[in-house]
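Overview (structure and organization)
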Amino acid sequence: MPRLSYDRYCDEVSAQTALLREVLPGDDLSAKVPTCPDWTLADLVRHVGGNVHMTDAAVRGEPGPRPALGDRTRAGVPDTDDPDTLTAWMQAGADAYAHTLRGRDPGAQVEIFGLPDSLTFWARRAACDILLHRADASLTTGAGYTVAPDLAADAVDEFLELATDVRANERVFPRLPELYGPPRSIHLHATDTTGDVEAEWLIELGADGVTWRPGHAKGTVAVQGPLTELLLILYRRLPLDRDQVHVHGDRDLIDGWLDRVFMG
C-alpha cells in the first residue's frame, strides 16, 4: 500500500532525476559504476532516460521497444557521450513522464514491461527506480546521498511488495524460492526516524512463500541501522557490515536473503 500520494510520486520522478543530474560530472561520464559493474555513468543515464521516455510513450498509448543498455539507435537515445546532451535528454524525459502522469487517472491500468498495473504503481516504481540509481551515481562520484524519511520508508515498502508479488517473483527474483522452508523471519528496524515515519518491517518466510508486514516484532534475525542505509543494503548498494548497522541473530538468513533477492 503506497504511503505517499500520486502527486508526490509524480513530483519525485522529476525531482529525483534532477538530483541525479546534480551529482554527475559535467565533463565526462566514462567512470565505471561500482554498484552496476557493467555500466559507466553514461550507461546509467541512458538507462534512466530510456526508461522514462519508454514508459511515457506507453502511458500515452504509444508503446515501443525498451532501449537496450547503451543503444543509441532506439527510442531517441542521443548518439553522443556529451554529458550535457545526455543529462538534458534524461531530465526532459522524466519531466514529460511526470506531466503525462499528472494528467491521467491514478487508477488507470497500463501494461509496461509485460505487467499490467495502475498508474500509481508505475509512478511509484519510476520514483523508486530513479532514487536508487541516484545512489549509484552518488556512490560513483563520492557525492552525498540523503533521502526524505517518508520516501525512503516507502521505497522499502515498495521493494518488499515487489518481492512478495507472485507476478514478479519468477521474472525479478527467480532465486527467492530457495529460501522457502521452515518458518523464519527477518526484522528490519530503522534507528534514526521519528514517530512520524513508521520504519520497522517483518519479513516472514515459510514453506509456501514469503510475506511481510510493517511493525515491530521479534525475528529470527534483526537488522538495525539508519533508514537510508537499510534501503541501500536491501538493494545491495551497500554492504551489511557497516559501523551503524547491527545484526542480531541468524546472520546466514539475512545473507541468504541479500544473495537471492536482488533488483538492479
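An account of the accompanying structure is given in this report. The structure displayed is predicted, hence computed values, not measured ones.

**Quick look at the packing of aromatic side chains**
Tallying each qualifying case throughout the model produces 4 aromatic pairs. Between F121 and W122, the ring centres sit 4.8 Å apart and the planes meet at 90°, which makes this aromatic pair edge-to-face. Using a relative accessible area of 18% as the deciding quantity, one classes F121 as buried. We classify W122 as buried; its relative accessible area is 5%. Between F159 and F173, the ring centres sit 5.9 Å apart and the planes meet at 70°, which makes this aromatic pair edge-to-face. In this pair, F159 sits in helix α5 (residues 149-163) while F173 sits in the loop between α6 (166-172) and β3 (184-190), placing the two residues 14 residues apart along the sequence. Here the two residues F159 and F173 agree in accessibility, since each one is buried. Chaining the aromatic ring pairs together yields one cluster made of F113, F121 and W122.

**Focus on the environment of D38**
Along the chain, D38 turns up in the loop between α1 (6-23) and α2 (41-59). The class of D38 is exposed, set by a relative accessible area of 68%. Taking the C-alpha atoms as reference points, D38 and D81, separated by 43 residues in sequence, lie 17 Å from one another.

**Observations regarding the pattern of salt bridges**
For the coordinates displayed, the defined rule picks out 22 salt bridges. Ionic pairing is found between R8 and E12, a salt bridge with its closest N-O pair at 2.8 Å. Highlighted residues: R8 and E12, both in helix α1, separated by 4 residues, approximately one helical turn. Measuring nitrogen to oxygen at the nearest pair gives 2.8 Å for the salt bridge that ties E178 to R260. Placement of the pair is E178 in the loop between α6 and β3 and R260 in helix α8 (residues 251-260), with a sequence separation of 82 residues. For R260, a relative accessible area of 23% corresponds to the partly exposed category. A cluster of three or more residues bridged by salt bridges with shared partners is formed by R175, E178, D259 and R260.

**Let's talk about helix α4 (residues 119-141)**
Compared with an ideal rise of 1.5 Å per residue, which puts 23 residues at 33 Å, α4 spans 33 Å between its outermost C-alpha atoms and is within 8% of the ideal. Where burial is concerned, most of α4 is hidden: 21 out of the 23 residues are buried. Once α4 finishes, G142 follows within two positions and takes phi at roughly 80°, a positive value.

**Observations regarding the side chain of R125**
If you trace the backbone, R125 turns up in helix α4. The class of R125 is buried, set by a relative accessible area of 15%. Separated by 3.4 Å, the side chains of R125 and Y235 make a polar contact. Each residue touching R125, except ones within four places of it in the same chain, is listed here: E158, L162, Y235 and M263.

**Description of empty space enclosed by the protein**
All told, the structure shown has 2 cavities of 30 Å³ or more when counted by the stated rule. If you add up the space inside the largest cavity, you get close to 50 Å³. Around the largest cavity sit L188, V223, L230, I233, L234, L240, I254 and L258, which together line it. Among the elements of the structure, α7 (227-234) and α8 are those that each provide at least two residues to the lining of the largest cavity. Here the lining of the largest cavity gets 3 residues from one element, more than from any other, and that element is α7. For the lining of the largest cavity, the class distribution of residues is 8 nonpolar, no polar and no charged. What lines the second largest cavity is simply C128, L131, L132, A155, L231, L232 and Y235. For the lining of the second largest cavity, the secondary-structure elements that each account for two or more residues are α4 and α7. Considering every element that reaches the lining of the second largest cavity, the biggest residue donor is α4, with 3 residues. Its residues placed into classes, the lining of the second largest cavity shows 7 nonpolar, no polar and no charged.

What counts, and where the lines are drawn
- Residues numbered from 1 in each chain as written.
- Predicted model: local features only at pLDDT ≥ 70, side-chain atom pairs only at ≥ 80, totals over all residues.
- Heavy atoms only, no water.
- Phe/Tyr/Trp six-rings, centres within 6.5 Å; stacked < 30°, edge-to-face > 60°.
- Buried < 20%, exposed > 50% of the residue type's maximum accessible area, 1.4 Å probe, protein only.
- Helix = DSSP H or I, 4+ residues; strand = E, 2+ residues; numbered from the N terminus.
- Salt bridge = Lys/Arg side-chain N within 4 Å of Asp/Glu carboxyl O.
- Expected span 1.5 Å × (residues − 1).
- Polar contact = N/O pair within 3.5 Å; in protein donor to acceptor, adjacent residues only side chain to side chain.
- Contact = heavy atoms within 4.5 Å.
- 1 Å grid on protein atoms, 1.4 Å probe; cavity = no way out; pocket = protein on both sides within 12 Å on 5 of 7 lines; lining within 4 Å.
- Points joined across faces, edges and corners; volume = space filled by probe spheres on them.
- Nonpolar A, V, L, I, M, F, W, Y, C, P; charged D, E, K, R; others polar.

All quantities given are derived from atomic positions and should not be read as evidence of function.
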